[in-house]
Structures are given as C-alpha cells and as structure tokens.
Amino acid sequence: MLLKKENGWKNENLDKKEIFKFCQGYKESLDCGKTEREYVKFGLELAKKNGFVCASTKDKLESGDKVYYVNREKNLVLAVIGKERITKGINYVVSHIDSPRIDLKQNPLYEELELGYMKTHYYGGIKKYQWASIPLSLHGVVILANGEKKEIIVGEKEDDPVFTIPDLLPHLAAKYQGDRQAGEVIKGEELQIIVGSIPTTIKNSEIKELIKYQILEVLNKEYGMIEEDFISAEFQLVPAFKAKDIGLDRSLIGAYGQDDRVCGYTSLKAILDMEKTPEKTAVCFLADKEETGSHGSTGLQSNYLEYFTSDLINRVQGTYSDLDLRNTLWNSNALSSDVNAAMDPIFKGVHEAQNAAKLNYGIVVTKFTGARGKNGTNDADAEYVWSIRNLLNTHGITWQIGELGKVDEGGGGTVAMLLAEVGIKTIDVGPALLAMHSPFEVSSKLDVYETYRTYKVFFENMI
C-alpha cells in the first residue's frame with residue numbers, strides 16, 4: 001500500500017479547543033522561561049505542585065513514586081518509578097532547554113562617542129543580522145563581591161527599558177555592508193548593545209568616561225553591582241517580545257526559544273499528566289548546552305545521565321553495581337526530543353520534498369541527522385524505528401518522517417548520538433519549525449499538541 005500522510009487539521013475527530021488551550025499554556029511557558037535557569041525554575045515549580053519531591057528525601061523508592069533532580073540550576077530531571085525491575089530499562093525523553101542567544105562578555109561595558117555600550121558574544125548557531133535592530137531583554141544572575149547572588153531581568157515588563165544592537169542605515173550601507181557575505185552583514189564583534197547616554201553629574205576630574213560611570217551608578221543602586229561583578233555573572237540577551245499566535249486562524253505560534261523548549265514543555269507536561277503508573281520507569285530530562293555541542297557539566301557529554309540513573313537504581317533496589325547501571329542503560333529506550341526543519345514554500349529548494357517535514361503534519365520521526373555522509377548521527381536501527389512507528393500508529397498519533405535538508409545541503413545534530421553511546425535505543429522525535437534559530441521561530445499548534453501526546457504515550461506504554 002502507498003505511504004499516505006496528510007494535513008492533521010483534516011482529521012474531523014480533532015479537539016481544536018483542547019489543542020488551543022494546551023498551546024496557551026505552552027506560550028506562557030516560553031514567556032516566563034527564556035533562559036535555562038528560568039525554565040528549570042518554571043519546571044520545578046510545576047513538578048512540586050504535581051507531587052514530585054527531591055530524590056534525596058527518599059531513601060527507598062517504590063513503584064509510583066515521583067522524584068526530581070536539579071543539576072546546577074540548568075538541568076531538571078523528573079522520574080516516575082515504574083512497576084518493572086529498573087534494570088529492565090528506563091523510558092527517557094531528553095530535550096534541551098538552551099537556545100541560541102547573545103551573551104555579555106566578562107568585561108562588557110565601555111563608552112565611545114558619549115554612548116554607553118556593552119560587548120557580547122553570541123551563543124549557538126545564529127544568523128547575526130537577525131539580532132540587530134530588535135528589542136532585547138537582559139536575563140541573568142550575578143554573584144556580587146560579597147557572595148550574594150542576584151537574579152536580574154530587565155526588559156520583560158511593559159514599563160521596562162529594553163536594549164538593542166543598532167544596524168547601519170541603508171543610505172550608508174552600500175559600500176560598508178554591500179559586499180559582505182550574508183553571514184557577515186553584521187559581524188560577531190559588531191553585536192554590541194546600547195545601554196545608556198546620560199553622563200554622571202558627579203564632579204570628579206578623575207572620571208573620564210562619564211556615561212560609563214553613570215551606568216555603573218545605576219547598576220550599583222539597583223543591584224549592588226560594581227564593574228568587577230560582571231566577571232562572576234551570566235547575562236543573556238534574548239528577544240523582548242512575547243509568544244504570539246500567527247495567522248488569521250491562529251493556527252501557528254511565533255516565539256523565541258521554541259528550539260527546543262517546545263520539546264521541554266511537552267515532555268514536562270507529558271510526565272506530569274501521566275494517568276497511571278508506567279511499566280518501565282519514566283524519566284523526563286531537560287538538558288543544557290546542546291546548541292554548543294553538549295559540553296560542560298550541564299551538557300549531555302557530562303556523565304550526569306549516568307549519575308542520576310545510578311542514584312535511581314540505588315534508591316529503588318537498595319543496592320548498586322556498575323553492571324546494574326550498564327544493564328539499565330542497555331535495556332532503555334529514549335526519544336531525543338528535538339525539532340526538525342519544516343519545509344518553507346519560499347525556500348523549498350533546500351529540502352528534498354519526499355522526505356521533508358511539513359507544518360501541521362504532526363510530530364516528526366527523524367531516523368538520522370548529521371551531515372556529509374551522516375557524520376555525527378545516531379541513525380536509529382530498523383527494529384527501534386518500527387517500535388516507535390507501531391506505538392504512534394496504535395495510539396492514533398499524527399506523525400510524519402523528516403530529514404534536515406537535502407543530502408550535502410547542510411545538516412545538524414542532536415543529543416541522540418550521546419544517548420546511544422551509552423547503549424540506549426534512541427531516535428529523534430519532535431515537531432518541525434519554520435525560521436529555526438531565529439529570534440521568532442514558528443510552530444504549528446497541532447504539531448505541538450501531537451508532540452505532547454507522543455511523549456505521554458511513550459512514557460505510559462513503551463515496553
């Protein structure tokens with residue numbers, strides 16, 4: 001029989017009101033969690049309201065227990081203990097909650113032409129020109145000289161000031177920018193934000209940079225900061241606008257950070273909304289650093305997955321061995337829950353249409369990612385692909401296959417490869433986006449909801 005996929009909105013049994021209601025909660029999560037730290041804080045609050053407790057408070061874990069782990073305020077793990085022996089495997093859904101952005105440098109503040117600026121360094125894969133001449137908000141934490149920790153958000157409230165990276169006016173850009181390649185229309189060192197223009201009123205002949213000094217006065221008054229405190233700070237610049245419905249029919253969502261907080265939210269909601277104790281232990285893992293290679297102690301190249309899995313084994317069994325950990329991981333299943341690229345009718349030439357994902361066609365199953373001969377990919381085996389295909393069909397999920405562009409067009413990777421390295425059966429499963437990695441990515445409400453349904457079915461039914 002022919003492979004037939006069609007627009008999911010044609011399904012007359014869809015509950016449009018339920019889809020729109022679910023996506024309202026999703027949009028609100030994007031607005032209140034624009035950084036990894038903020039999203040972990042948001043997810044932890046939801047988990048506690050739904051009966052999850054810190055794993056360290058439970059010496060012995062029983063079937064049905066719900067626990068959480070937090071790693072350095074940038075990873076969140078939620079686990080529901082299943083009925084089966086834990087060494088028979090765990091069902092992991094692993095998403096990343098970091099997104100491309102602009103970070104402040106460690107010594108950012110300077111003054112020139114009587115304007116206050118801050119220097120930045122971009123994080124992850126961006127088209128730099130997209131970040132110029134838009135309103136940006138500042139999010140982050142700073143550890144003051146006395147050790148006090150301050151959380152700072154500027155630009156999200158209606159009456160807050162915002163920041164911006166000014167672009168060159170078209171009247172004067174022809175020679176200066178006209179010959180540049182698209183990737184350098186705005187260069188990395190040109191991503192600098194305006195932060196002020198009023199000089200200090202202090203009369204002191206030793207103060208040469210009056211604008212800079214005035215900005216430091218504001219920071220000291222508001223947050224107790226001195227200039228050296230920037231060194232022990234993490235400040236991120238993200239779009240200041242909120243998530244919005246797109247289209248006259250409100251079928252699409254436009255927002256910053258949907259790669260990959262769309263999977264973070266849907267996997268979080270899926271484990272919170274489970275209606276029964278699963279056969280296998282279910283784990284929702286919100287990870288960090290995927291956009292820069294998953295390095296660092298909060299990225300998936302660390303051994304944090306093995307760390308909390310070992311702790312779960314010990315608390316469930318009362319004993320632990322390295323062999324127990326290896327058996328558990330080898331018998332486990334995982335969804336690397338990350339987005340794919342939706343085919344855009346304006347730029348459809350970068351896709352091979354027969355194997356490309358589309359908006360409104362449901363969640364995307366991506367057998368392999370990578371680039372240049374599948375380099376840097378997991379490439380799930382046929383048996384595991386069948387098990388996921390069968391699960392989705394059995395439970396009436398709207399789904400499609402997809403790959404990240406034509407052969408040799410480009411490509412990309414996810415955390416699937418890192419999960420597979422420790423023996424976990426893994427495949428990429430997530431929704432498709434338009435304008436991925438831009439400040440305003442586009443998703444389909446139907447696809448977001450089907451993603452949630454997929455993760456919930458996986459947690460509850462995957463054997």
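Look up a bit, the structure's there.
Conventions and cut-offs
- Residues numbered from 1 in each chain as written.
- Predicted model: local features only at pLDDT ≥ 70, side-chain atom pairs only at ≥ 80, totals over all residues.
- Heavy atoms only, no water.
- Pairing = 2+ DSSP bridges.
- Helix = DSSP H or I, 4+ residues; strand = E, 2+ residues; numbered from the N terminus.
- Expected span 1.5 Å × (residues − 1).
- Buried < 20%, exposed > 50% of the residue type's maximum accessible area, 1.4 Å probe, protein only.
- Arc of directions from axis to C-beta.
- Contact = heavy atoms within 4.5 Å.
- Polar contact = N/O pair within 3.5 Å; in protein donor to acceptor, adjacent residues only side chain to side chain.
- Salt bridge = Lys/Arg side-chain N within 4 Å of Asp/Glu carboxyl O.
- Axes fitted to C-alpha atoms, helices over the stretch in contact; angles between N-to-C directions.
- Parallel < 35°, antiparallel > 145°, perpendicular 65-115°, else oblique.
- Nonpolar A, V, L, I, M, F, W, Y, C, P; charged D, E, K, R; others polar.
- Phe/Tyr/Trp six-rings, centres within 6.5 Å; stacked < 30°, edge-to-face > 60°.
- Left-handed = near helix turned anticlockwise from the far one by under 90°.

Draft legend 1. Quick peek at the pairing of strand 6 (residues 115-123). Here strand 5 (residues 101-112) pairs with strand 6 via eight bridges, running antiparallel. Across the sheet, residue Glu 111 finds its bridge partner in strand 6, namely Gly 116. Two successive antiparallel strands, strand 5 and strand 6, enclose a turn made up of two residues, where Leu 113 displays a positive phi of approximately 55 degrees. Looking at chain direction, strand 6 and strand 9 (residues 192-196) are connected through four bridges and run antiparallel. Within strand 9, the residue paired with Gly 116 across the bridge is Gly 196.

Draft legend 2. Representation of helix 8 (residues 382-394). Between its first and last C-alpha, helix 8 extends 18 Å over 13 residues, near the 18 Å set by a 1.5 Å rise per residue. Every buried residue of helix 8 is listed here: Tyr 384, Ser 387, Ile 388, Leu 391 and Leu 392. Down the axis of helix 8, the smallest arc covering the buried residues is 130 degrees, so these residues share one side. When the buried face of helix 8 is taken as reference, the exposed residues oriented beyond 90 degrees from it are Ala 382, Glu 383 and Thr 394. Each element contacted by the buried residues of helix 8 is listed here: strand 14 (333-336), strand 16 (363-366), strand 17 (399-401), strand 18 (425-430) and helix 10 (445-461). You can read the cap of helix 8 off the contacts: a side-chain oxygen lies 3.2 Å from the backbone nitrogen of Glu 383, and it is on Asp 381.

Draft legend 3. Structural detail: the pattern of salt bridges. All chains considered together, the criterion is met by 29 salt bridges. The closest approach of N and O atoms between Glu 151 and Lys 41, which form a salt bridge, is 3.7 Å. A residue pair is termed long-range when its members are at least 10 positions apart, and Glu 151 in strand 8 (residues 149-154) and Lys 41 in helix 2 (residues 36-49) qualify at 110 residues. When the shortest N-O distance is used, the salt bridge between Glu 306 and Arg 326 registers 3.8 Å. Taken together, the residues Glu 306 in helix 6 (residues 304-317) and Arg 326 in helix 7 (residues 322-330) connect sequence positions 20 residues apart. Within the structure, one salt-bridge network assembled from shared partners comprises Arg 37, Glu 73, Lys 74, Lys 149 and Glu 234.

Draft legend 4. View of the environment of Lys 157. Within the secondary structure, Lys 157 is located in the loop between strand 8 and helix 3 (170-176). Given a relative accessible area of 60%, Lys 157 falls into the exposed group. A sequence separation of 20 residues divides Lys 157 from Ser 137, and the C-alpha atoms of the two residues are 9.6 Å apart.

Draft legend 5. Examining the packing of helix 6 against helix 7 more closely. Two elements in contact, helix 6 and helix 7, have axes whose closest approach is 10 Å; the angle formed by their N-to-C orientations is 110 degrees. The angle between helix 6 and helix 7 falls in the class roughly perpendicular. Note on element contacts: helix 7 touches helix 6 through Asp 324, Leu 325, Arg 326, Thr 328 and Leu 329, opposite Leu 305, Glu 306, Thr 309, Ser 310, Ile 313 and Gln 317. For the contact of helix 6 with helix 7, a count of residues per class yields four nonpolar, four polar and three charged.

Draft legend 6. Structural context of the environment of Asp 159. Relative to the assigned elements, Asp 159 resides in the loop between strand 8 and helix 3. For the pair Asp 159 and Lys 149, spaced ten residues apart in the sequence, the C-alpha separation amounts to 25 Å.

Draft legend 7. Up close: the sheet that holds strand 8. Pairing is antiparallel in the open sheet, where six strands are placed in the order 8-7-10-5-6-9. The sheet is open, and its two edges are formed by strand 8 and strand 9, each paired on a single side. The mean inter-strand angle of the sheet, taken between neighbouring strand axes irrespective of direction, is 30 degrees. The pairing of strand 7 (residues 136-143) with strand 10 (residues 233-239) spans seven bridges and is antiparallel.

Draft legend 8. Representation of the packing of aromatic side chains within the structure. Here the structure, examined in full by the defined rule, presents 18 aromatic pairs. Measuring from ring centre to ring centre gives 5.8 Å for Tyr 26 and Tyr 265, while their planes differ by 40 degrees; the resulting arrangement is tilted. Here Tyr 26 is found in helix 1 (residues 16-32), whereas its partner Tyr 265 is found in helix 5 (residues 258-272), with 239 residues between them in sequence. Both residues of the pair, Tyr 26 and Tyr 265, count as buried. Aromatic rings pair up to connect Phe 22, Tyr 26, Tyr 39, Phe 42, Tyr 265, Tyr 449 and Tyr 452 into one cluster.

Draft legend 9. Seen up close, the packing of helix 1 against helix 5. At a minimum axis separation of 10 Å, helix 1 and helix 5 run at an interaxial angle of 125 degrees. Accordingly, the angle class assigned to the pair helix 1 and helix 5 is oblique. The two elements helix 1 and helix 5 meet at a crossing, and its hand is right-handed. Between helix 1, through Phe 22, Gly 25, Tyr 26, Ser 29 and Leu 30, and helix 5, the contact on the second element is made entirely by Gln 258, Arg 261, Val 262, Tyr 265, Thr 266 and Lys 269. Tallied by class, residues from the contact of helix 1 with helix 5 come to five nonpolar, four polar and two charged.

Draft legend 10. Representation of helix 7 in the model. For helix 7, the complete set of buried residues consists of Asp 324, Leu 325, Thr 328 and Leu 329. Angularly, the buried residues of helix 7 cover 125 degrees about the axis, an arc narrow enough to put them on a single face. With respect to the buried face of helix 7, the exposed residues turned more than 90 degrees away are Leu 323 and Trp 330. Close packing links the buried residues of helix 7 with strand 4 (90-96) and helix 6.

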